[in-house]
Amino acid sequence: MTTRMHTEERRVQIADACMKIIGEKGLRAFTVAQIAQEVGIKDGSIFRHFKNKEEIIDAVLDRLEEILADTIPSSVPDPLERLRTFFLNRVDAVVKQPGVRALVLSNDLIHAGGPAVFERVMRMRRKAQEYLRACLVEAAHAGLVRRDIDVDDVVILLHGAVMSLVFLSNANALHGAAEDRARQVLGTLLSMVQK
């Protein structure tokens, strides 16, 4: 027998189940029947909480945004330490959660959801790049990084490093633990830009 939940709790549970399904089985398994089975409810019960599959996709994106937002440090005054914390948190969150990893690495959900989903996913990607850029600009103003570096180039390198670490982790091709490799890669990148 399933436990009765409030609608918001059930919506989060369903969104988490969707991310798990996509992460473990791919977008083809992203069916109402599979979602219901994962949650432990009947197929029709899904539509007590969502009008349609598009609304489920929106909930999955809301959940993804929430998880990614939790990687942004709230009160770290030093801009390079804030950048370090963000970088390591982001790698950790994406690597450890197969659903998040699958959604970050793939454009499948974009294809399933159309232009509105594409725009939301692109906004999430831009937000990460803007955060990295803001940290670096602040560090440059504080004299913590070399003046001859191009901040936008470093943002590309940092963002690309996160994606590479996630990709390699997904393919089980990292030498060592993801967290250790992330620290090492970040240290290498920052050593090239710090004064």
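Before reading further, recall that the structure is shown in the block above.
Everything numeric in this text was worked out from a predicted model, so none of it was measured.

What counts and how
Residues numbered from 1 in each chain as written. Predicted model: local features only at pLDDT ≥ 70, side-chain atom pairs only at ≥ 80, totals over all residues. Heavy atoms only, no water. Helix = DSSP H or I, 4+ residues; strand = E, 2+ residues; numbered from the N terminus. Contact = heavy atoms within 4.5 Å. Areas by Shrake-Rupley, 256 points an atom, 1.4 Å probe, with all protein chains shown as cover. Axes fitted to C-alpha atoms, helices over the stretch in contact; angles between N-to-C directions. Parallel < 35°, antiparallel > 145°, perpendicular 65-115°, else oblique. Buried < 20%, exposed > 50% of the residue type's maximum accessible area, 1.4 Å probe, protein only.

1. Section: the overall build of the chain
In terms of regular secondary structure, the chain is built from 10 helices and 0 strands. Taken along the three principal axes of its C-alpha coordinates, the chain extends 60 × 30 × 30 Å. Partitioning the intrachain contacts of the chain with sequence separation of at least 6 by distance along the chain shows that 65% fall at a separation of at least 24. Working note: accessible area of the chain is about 10,800 Å², and carbon and sulfur atoms make up 52% of it.

2. Let's talk about the packing of helix 5 (residues 79-96) against helix 6 (residues 98-105)
Viewed as axis vectors pointing N to C, helix 5 and helix 6 meet at an angle of 105 degrees, and their least axial separation amounts to 5 Å. One element, helix 5, and the other, helix 6, form an angle in the roughly perpendicular class. Across from A93, V94, V95 and K96 in helix 5, the residues of helix 6 making contact are P98, V100, R101 and V104.

3. Regarding the environment of R48
Tracing the chain through its elements places R48 in helix 3 (residues 46-49). Look at R48 and you get exposed, because its relative accessible area is 62%. Distance in space between the C-alpha atoms of R48 and R10 is 9.9 Å, their sequence separation being 38 residues.

4. Comments concerning unusual backbone geometry
Phi is positive for N172, close to 55 degrees, though the residue is something other than glycine. Structurally, N172 can be placed in the loop between helix 9 (151-170) and helix 10 (178-193). The class for N172 is exposed, based on a relative accessible area of 72%.

In short, geometric facts, not functional conclusions.
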